[in-house]
Structure formats: C-alpha cells, structure tokens
Amino acid sequence: MPSQIRVRRAYDPPSPDDGARVLVDRLWPRGLRKDAARLDEWAKAVAPSTELRKWYGHDPAKFDEFRRRYLDELSGSAQRAELGKLRALAATRPVTLLTATRAVDISEAAVLAQILRQPIEDEGGDAACWASLVCPECGAIESEGHRPGCPVAR
Ligand SMILES: [Zn+2]
C-alpha cells in the first residue's frame, strides 16, 4: 500500500513530514529558488501537455474535462513509466506532490494523487486506462465516492 500521498503548493515552506518532495509541473515555478524547493524529484514526464495546461488555466468549471483529457495523456508510455517510479517511491515513504498553482485542489497534482492512491491492478497490462477510475455518470473518482445524486451510487 502506498504510505501517504499529499499535495502541496511548491511555494509553501517544506515540512519535515513531506517525505519525498516531487514537482509535477512541466515548467519550473516562477521565482522559486532551487535550494528553497528542496526537491527530491522533478517528474516532468507526468505533467500535462503545454496545450492542455493552457486550455485549462485552472478554471474550476473545466476541471472534469481537464481530468478526462489528462487521464488520457497519462496512459502514454513515458507517463506510465514515471507513474511507476512514483508508485515505487510512495511504497517506501510519504510523497508530497508539488505544483505552482494556488488552485492545488483542482491541479494535476490532485489528479495524480488520486491515481497513486489507487491499489495497483494489472500494472503490466497494455493500455492501462486511468479513465476507468472515473465514474462516467458524475465524474468523480469512484473509489473516493460519488457525487450527490449520482445514479451509480444508489
Ligand atoms: Zn458517480
């Protein structure tokens, strides 16, 4: 079981409880000093594409669609290899995923944390489809509970 996956803002001061600190943005957070960041990893390969990031712009109204497109990107081979590394890391110590945005709860880091908290199933299979984690009716991650009124939850 993964020990603990957390999500924080890259600009927040590091805490001793963070465990491995992993930046999951494609771009270095503007103005952040390398030594202040105290990173263990920079997992660029799992960051959203530039195109997706620009389209999204952390607009809460676009979050469900962002997640759908992002999960799609994460089924690529480079992304899956990097996710495998993060999963291995999380098996040994707490992991804190870092992103520059203030909107941490609707960031790619939040989506990655949801994936990394899932139990490992047929990781070796071809075409792991992260989209299957998401309820087609309400758009919630199924293992974390459906949204109020979702017909699947009844
Ligand atoms: Zn649902």
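Residues numbered from 1 in each chain as written. Predicted model: local features only at pLDDT ≥ 70, side-chain atom pairs only at ≥ 80, totals over all residues. Heavy atoms only, no water.

Novice: Looking at this structure, I do not really get the environment of Ser 15. What am I missing?
Specialist: In this fold, Ser 15 is placed in the loop between β1 (5-9) and β2 (20-23). Spatially, the C-alpha atom of Ser 15 lies 9.9 Å from that of Thr 96, the residues being 81 residues apart in sequence. A polar atom in the side chain of Ser 15 sits 3.0 Å from the backbone nitrogen of Asp 17. (Helix = DSSP H or I, 4+ residues; strand = E, 2+ residues; numbered from the N terminus. Polar contact = N/O pair within 3.5 Å; in protein donor to acceptor, adjacent residues only side chain to side chain.)

Novice: Would you take a moment to explain the coordination of the zinc ion for this structure?
Specialist: Each pair of donors in an ideal four-coordinate tetrahedral metal site encloses 109.5 degrees, whereas pairs in an ideal six-coordinate octahedral site enclose 90 or 180 degrees. Looking at the metal site, the zinc ion is ligated by Cys 135 (SG), Cys 138 (SG), His 146 (ND1) and Cys 150 (SG), spaced 2.0 to 2.4 Å from it. Each of the four donor atoms bound to the zinc ion contributes to angles spanning 103 to 114 degrees, and the resulting shape is tetrahedral. Between consecutive donor residues of the zinc ion, the sequence gaps follow C-x2-C-x7-H-x3-C. Placement of Cys 135 in the segment after α5 (108-116) and of Cys 150 in the segment after α5 is noted, with a sequence separation of 15 residues between them. The exposure classification of Cys 135 matches that of Cys 150, with both residues buried. (Donors = N, O, S within 2.8 Å, 3.2 Å for Na, K, Ca; no water. Tetrahedral: all angles 85-135°; square planar, octahedral: opposite > 155°, others 65-115°. Buried < 20%, exposed > 50% of the residue type's maximum accessible area, 1.4 Å probe, protein only.)

Novice: Got a minute to help me understand the side chain of Gln 79 in this structure?
Specialist: In this fold, Gln 79 is placed in helix α4 (residues 77-92). Discounting residues that sit within four places of it in the chain, Gln 79 has contacts with Ala 45, Val 46, Glu 73 and Leu 74. (Contact = heavy atoms within 4.5 Å.)

Novice: It is not clear to me how the packing of helix α3 (residues 63-73) against α5 should be interpreted in this structure. Could you clarify?
Specialist: When two helices pack together, their arrangement is given by the angle between the helix axes and by the axis-to-axis distance. Relative to each other, α3 and α5 sit at 60 degrees, their axes nearing to 11 Å. Relative to α5, the element α3 is oriented oblique. The way α3 lies across α5 gives a crossing that is right-handed. In this structure, α3 contributes Phe 63, Phe 66, Arg 67, Tyr 70 and Leu 71 to the contact, and α5 contributes Glu 108, Val 111, Leu 112, Gln 114 and Ile 115. Per-class residue counts for the contact of α3 with α5 are seven nonpolar, one polar and two charged. (Axes fitted to C-alpha atoms, helices over the stretch in contact; angles between N-to-C directions. Parallel < 35°, antiparallel > 145°, perpendicular 65-115°, else oblique. Left-handed = near helix turned anticlockwise from the far one by under 90°. Nonpolar A, V, L, I, M, F, W, Y, C, P; charged D, E, K, R; others polar.)

Novice: Teacher, can you tell me more about the sheet that holds β1 here?
Specialist: Each strand in a sheet pairs with another by means of backbone hydrogen bonds, the pair being arranged parallel or else antiparallel. In spatial order, the strands read β1-β4-β2-β3; together these four strands make up an open sheet with parallel pairing. Edge positions in the sheet fall to β1 and β3 (41-42), since each has one partner strand and no second. As paired elements, β2 and strand β4 (residues 95-99) share four bridges and run parallel to each other. For Leu 23, the partnering residue across the bridge sits in β4 and is Leu 98. Running at roughly 160 degrees to β2, α4 makes contact with β1, β2, β3 and β4 of the sheet. Strands β1 and β4 of the sheet are contacted by α5, whose axis makes an angle of about 155 degrees with β4. (Pairing = 2+ DSSP bridges.)

Novice: How should the side chain of Ser 107 be read in this particular structure?
Specialist: With respect to the helices, strands and loops of the structure, Ser 107 is situated in the loop between β4 and α5. The exposure class of Ser 107 is buried, given its relative accessible area of 0%. Within the local environment of Ser 107, its side chain forms a polar contact with the backbone nitrogen of Ala 109, the two atoms lying 3.2 Å apart. Among all residues touching Ser 107, those that are not within four sequence positions of it are Val 7, His 58, Phe 66, Thr 99 and Thr 101.

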